[in-house]
Amino acid sequence: MFAVPDNTLALTEKPVLRHPVRVALEVAADRERWRHLLRYDPDERFSTLVEARDDEEIWLMGWLPGQRADLHDHGRSTGAFTVVSGRLSETVARRGVTEVHALSAGQSRVFGPGYVHEVRNDGPDPAISVHVYRSGGRVMRSYHLDPVSGPIRD
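Source: prediction; values computed, not measured.

## Some thoughts on the nonpolar core
- One finds M61, W63, L88, V119 and Y133 to be the most contacted residues of the largest nonpolar core, which totals 14 residues.
- At the level of secondary structure, the elements contributing two or more residues to this core comprise β2 (56-63), β4 (78-85), β5 (87-94) and β9 (127-134).
- Here this core gets three residues from one element, more than from any other, and that element is β2.
- Excluding residues that lie within four positions of it along the chain, M61 makes contacts with R45, F46, S47, A127, I128, S129, H131, Y133 and R138.

Spelled out as structure tokens, the structure:
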């Protein structure tokens, strides 16, 4: 047991100081916050802004089977994404190395400047994900993959 002095103040939490995975997981768990925004577009992956605050944007994405976000980076942005339901796969491209990560509900990935990846729904069911972008917002710069040099910006 310990005593707290009378003049002690509880500091308010600054959301931008929380790890982006924690933010994505919290938003993913709070379905009432975004359920009314969710859509599926038969032609392309659906995305909508859930919230923008300080230096952070939170986006919701709906993926039908076969939909993808082609090879891209997020400029100077940092952040993370979490799979809410369904399955997504992420291919990370670097010079000489390509990694594939199979993601299911509750799993997250983190990204930063120079992180080039492709995300897709290869599964038979729709998928939902929550994405958190910081220090630059939801920028997407396209790339193509050269087998020798690695990712090259378009």
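## As for the side chain of S89
- Take S89: it is sitting in strand β5.
- The exposure class of S89 is buried, given its relative accessible area of 9%.
- When near neighbours in sequence (up to four residues on either side) are disregarded, S89 contacts H101, E118, V119, R120 and D122.

## Quick look at the UniProt feature "binding site: Fe cation" (unreviewed entry) in the protein
- Mapped onto the present numbering, the UniProt feature "binding site: Fe cation" (unreviewed entry) falls at H72, H74 and H117. These residues run over 46 residues, yet every pair of their C-alpha atoms falls within 9.4 Å of each other.
- Inspection of the secondary structure assignment puts H74 in the loop between β3 (68-73) and β4.
- Look at H74 and you get buried, because its relative accessible area is 2%.
- Those residues in contact with H74 that lie beyond four places of it in its chain are F111, Y115, H117, Y133, V139 and M140.

## Observations regarding the pattern of salt bridges
- One pass over the structure, following the stated rule, counts 13 salt bridges.
- Between R33 and E51 there is a salt bridge; the shortest N-O distance is 2.3 Å. Of this pair, R33 sits in helix α2 (residues 31-34) while E51 sits in strand β1 (residues 46-53), placing them 18 residues apart in sequence.
- With a relative accessible area of 26%, R33 lands in the partly exposed category.
- Salt-bridge contacts for E51 lead to R53; the nearest nitrogen and oxygen are separated by 2.7 Å.
- Classification of E51 as partly exposed rests on a relative accessible area of 24%.

The rules behind these values
Residues numbered from 1 in each chain as written. Predicted model: local features only at pLDDT ≥ 70, side-chain atom pairs only at ≥ 80, totals over all residues. Heavy atoms only, no water. Core = buried A, V, L, I, M, F, W, Y, C linked by side-chain atoms within 4.5 Å. Buried < 20%, exposed > 50% of the residue type's maximum accessible area, 1.4 Å probe, protein only. Helix = DSSP H or I, 4+ residues; strand = E, 2+ residues; numbered from the N terminus. Contact = heavy atoms within 4.5 Å. UniProt positions renumbered as here; feature names shortened; annotations may be inferred. Salt bridge = Lys/Arg side-chain N within 4 Å of Asp/Glu carboxyl O.

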